[in-house]
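Observations on the three-dimensional arrangement
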Amino acid sequence: MLLAIIPARGGSKGILRKNLTYLNGRPLIEYTIIAAQKSKFIDEILLSTDDDEIADIGRRLGLDVSYRRPIELAQDATSMIETLEHGLRWADTAYGGLPEATILLQPTSPLRSTKDIDAAVTVFYESSVSFLVSVNEMGEHPYECIVGSGKNWQYLVMPPSGLSRRQDYKNDFYFINGAIYLAKTTELLSRRSFINPNETYFFSMPRERSIDIDEYVDLYTAEGLIKMLNQDQ
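The structure contained in this document is the topic of the report that follows. (Residues numbered from 1 in each chain as written. Predicted model: local features only at pLDDT ≥ 70, side-chain atom pairs only at ≥ 80, totals over all residues. Heavy atoms only, no water.)

1. Overview of the overall build of the chain
For the chain, the count of helices and strands is 6 helices and 10 strands. In terms of principal-axis extent, the alpha carbons of the chain reach across some 60 × 40 × 40 Å. By residue count, 48% of the 233 residues in the chain fall in the buried class. Residue pairs at least 24 apart in sequence account for 74% of intrachain contacts in the chain once pairs closer than 6 positions are excluded. When the accessible surface of the chain is split by element, carbon and sulfur atoms take 48% of a total near 12,300 Å². Each charge sign in the chain was given a centre, from 24 positive and 32 negative side chains, and these centres are 3 Å apart. (Helix = DSSP H or I, 4+ residues; strand = E, 2+ residues; numbered from the N terminus. Buried < 20%, exposed > 50% of the residue type's maximum accessible area, 1.4 Å probe, protein only. Contact = heavy atoms within 4.5 Å. Areas by Shrake-Rupley, 256 points an atom, 1.4 Å probe, with all protein chains shown as cover. Lys, Arg positive; Asp, Glu negative; His and termini not counted. Charge placed at Lys NZ, Arg CZ, Asp CG, Glu CD.)

Right, here's the structure in full:
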């Protein structure tokens, strides 16, 4: 069984009640629930929330919302692995055993599509890996980024001498975009992390579907991207 866990607490930083904020006429949380429901691989969806209004949206969309995240695990300082561990303990009892694999789908990635989810799951199974995380190519290339201030600075990654055009850059750099985290459940509980050097497979997604909603500017950007992507369909 592949279990999708959607973590959606009522509180948030940056944007007040972010998971309920409207994006293009719909609450942010709806995008991830619907994308998960359309997946051909996901067997069960666990909405991990402490909030009645978020639970009501899940119920309206057809989810079983009998699980409720404890308030003490819905704080700013709560780690994601603590949230997942609690949800998986509940799932172990509710479903008669732990799922073979767990996919974490954060509501802050509304443009991540069902196609992205199913492509990632396909790679996960075909590659026989224990962990998979989605990434996208970096917009700001490290060869063009600096650390420091004033005259006291250095390149984040020293560019090779003689290169002046981005198309001449040889190395590929990626950003962990937060859209898809996938793992064998027993390995996840043992390692307590999706990201393990030399073990985690990085699944590349297009940048236009990789936006992570953290601040209001991200919402405005996502609105524009939705309009652009709909025009392209």
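2. Concerning the packing of aromatic side chains
Tallying each qualifying case throughout the model produces 5 aromatic pairs. For the pair tyrosine 67 and tryptophan 90, a centre-to-centre distance of 5.3 Å together with 55° between the ring planes defines the contact as tilted. Placement of the pair is tyrosine 67 in the loop between helix 2 (52–60) and helix 3 (80–94) and tryptophan 90 in helix 3, with a sequence separation of 23 residues. Under the relative-accessibility criterion, tyrosine 67 is labelled buried at 2%. (Phe/Tyr/Trp six-rings, centres within 6.5 Å; stacked < 30°, edge-to-face > 60°.)

3. Details of unusual backbone geometry
Positive phi values are uncommon outside glycine, yet arginine 17 reaches one of about 45°. With respect to the secondary-structure elements, arginine 17 resides in the loop between strand 1 (2–7) and strand 2 (22–23). Of the residues examined, arginine 17 reaches a relative accessible area of 30% and is grouped as partly exposed. Even without glycine at this site, serine 128 takes up a positive phi of about 55°. Taking relative accessible area as the criterion, serine 128 reaches 57% and is therefore assigned exposed.

4. Focus on the sheet that holds strand 1
An order of 4-1-5-9-6-10 is seen for the 6 strands of this open sheet, with the pairing classed as mixed. Each end of this open sheet is capped by a strand with a single partner; those strands are strand 4 (44–48) and strand 10 (200–204). Between one strand axis and the next, the sheet turns through 25° on average, direction left out of account. Bridge count between strand 5 (residues 101–104) and strand 9 (residues 174–184): 4 bridges; the pairing is antiparallel. Within the sheet, the bridge partner assigned to alanine 101 lies in strand 9 and is lysine 184. (Pairing = 2+ DSSP bridges. Axes fitted to C-alpha atoms, helices over the stretch in contact; angles between N-to-C directions.)

5. Brief notes about the side chain of threonine 185
Within the secondary structure, threonine 185 is located in helix 5 (residues 185–191). Classification of threonine 185 as buried rests on a relative accessible area of 0%. Apart from the residues lying within four places of it in its own chain, the contact partners of threonine 185 are Leu88, Leu98, Pro99, Glu100, Ala101 and Thr102.

6. A short note on helix 2
Among the residues of helix 2, Ile54, Ala55, Ile57 and Gly58 are the ones counted as buried. All buried residues of helix 2 lie within an arc of 155° about the axis, which places them on one face of the element. Looking at helix 2, the residues exposed on the side facing more than 90 degrees away from the buried face are Asp52 and Arg60. Tucked inside the fold, the buried residues of helix 2 contact strand 3 (26–27), helix 1 (28–37) and strand 4. Residue glycine 62 follows helix 2 closely and has a positive phi angle near 100°. (Arc of directions from axis to C-beta.)

7. Side note on helix 4 (residues 114–127)
Here helix 4 spans 20 Å end to end across 14 residues, near enough to the 20 Å set by a 1.5 Å rise per residue. Of the positions making up helix 4, those classed as buried are Thr114, Asp116, Ile117, Asp118, Ala120, Val121, Val123 and Phe124. Contacts made by the buried residues of helix 4 are with strand 1, helix 1, strand 5, strand 6 (131–137), strand 9 and strand 10. The positive-phi residue at the C-terminal boundary of helix 4 is serine 128, with phi of around 55°. (Expected span 1.5 Å × (residues − 1).)

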